Amino acid sequence: GTITQNNGVFTWTYAGMAEATNGPISVLFTALNLDGSIAQTTASLTVTEAPINATAEPLATIQEGSAAAAITVANFTHANGIEAASEFAATINWGVAGHTADTGTITQNSDGSYRVTALRPVFAESGNFAPIVTISEDNATASVQDNLTVADAPLTQVSGVQSVKILQNTGF
């Protein structure tokens, strides 16, 4: 660490621990005085969980009935990237039945940030959906909301059918 002095007040700055630690820790300070004597003191510090800073990944418009696909749904940073991606969990609520807690996959980028990918389900109906991505690790949690537009699938012409005539008040 680095010790600085300003108007008789000494400040100790330490860049961080080699491993991720949460909770109370004890720190022993040792100072070598100019006369060769040594002074020591112990301090108790509490290390708290760093926040997860997440952003939603813009989602491309799809058509109803589009095949399920693995897509990026969010990006986040946490504690300067010192923790492995396996320390985190992500769930996605797509806003459709059967897909309210889908598991996301977290990978770490070369810059220390993280990316969340998930399998986008098949949407049977068109509309605007607001998927929610929740990322957690120990005591830190962050949620972001995306926007997904599902467009109507185009109508297709059936070959061999020339015309269909429907008369009122007649059964099929």
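Reading the values: the criteria
- Residues numbered from 1 in each chain as written.
- Predicted model: local features only at pLDDT ≥ 70, side-chain atom pairs only at ≥ 80, totals over all residues.
- Heavy atoms only, no water.
- Helix = DSSP H or I, 4+ residues; strand = E, 2+ residues; numbered from the N terminus.
- Buried < 20%, exposed > 50% of the residue type's maximum accessible area, 1.4 Å probe, protein only.
- Contact = heavy atoms within 4.5 Å.
- Areas by Shrake-Rupley, 256 points an atom, 1.4 Å probe, with all protein chains shown as cover.
- Phe/Tyr/Trp six-rings, centres within 6.5 Å; stacked < 30°, edge-to-face > 60°.
- Core = buried A, V, L, I, M, F, W, Y, C linked by side-chain atoms within 4.5 Å.
- Pairing = 2+ DSSP bridges.
- Axes fitted to C-alpha atoms, helices over the stretch in contact; angles between N-to-C directions.

Draft legend 1. Expanded view of the overall build of the protein. A tally of regular secondary structure across the protein gives zero helices and 15 strands. Within the protein, the proportion of its 172 residues that are buried is 25%. Relative to all contacts within the protein whose residues are 6 or more apart in sequence, the contacts with residues 24 or more apart total 54%. Total accessible area on the protein stands at roughly 11,800 Å², and carbon and sulfur atoms take up 52% of it.

Draft legend 2. Layout of the packing of aromatic side chains. Summed over the entire model, instances satisfying the criterion amount to four aromatic pairs. On the numbers, 5.1 Å between centres and 65 degrees between planes, the contact of phenylalanine 76 with phenylalanine 88 is edge-to-face. In this pair, phenylalanine 76 is assigned in strand β7 (residues 69-77) and phenylalanine 88 in the loop between β7 and β8 (89-93), connecting sequence segments 12 residues apart. What makes phenylalanine 76 buried here is its relative accessible area of 2%. For phenylalanine 88, a relative accessible area of 8% translates into the label buried. Taken together, Phe76, Phe88 and Tyr114 form an aromatic cluster joined through their ring pairs.

Draft legend 3. Seen up close, the nonpolar core. In terms of nonpolar packing, the biggest core is built from 26 residues, with Val73, Trp94 and Val116 touching the most fellow members. Of the residues forming this core, the biggest block, four residues, is contributed by β7. Dropping the residues within four chain positions of it, tryptophan 94 is found in contact with Ile71, Val73, His99, Asp102, Ala118, Leu119, Arg120, Pro121, Phe123, Phe129, Pro131 and Leu148.

Draft legend 4. Expanded view of unusual backbone geometry. Located in the positive-phi region is aspartate 138, a residue other than glycine, with phi close to 50 degrees. Structurally, the position occupied by aspartate 138 is in the loop between β13 (132-137) and β14 (140-145).

Draft legend 5. Structural context of the sheet that holds β14. Pairing is antiparallel in the open sheet, where four strands are placed in the order β9-β8-β13-β14. For this open sheet the edge positions go to β9 (102-103) and β14, each flanked by a neighbour on one side alone.

Draft legend 6. Looking closely at the sheet that holds strand β5 (residues 53-56). Strand order in the open sheet formed by four strands is β5-β7-β11-β10, and the pairing between neighbours is antiparallel. Pairing within the sheet leaves two strands with one partner each, and these edge strands are β5 and β10 (105-108). On average, each strand axis in the sheet is tilted by 30 degrees relative to the strand beside it, whichever way the strands run. Alignment of β5 against β7, held across four bridges, turns out to be antiparallel.

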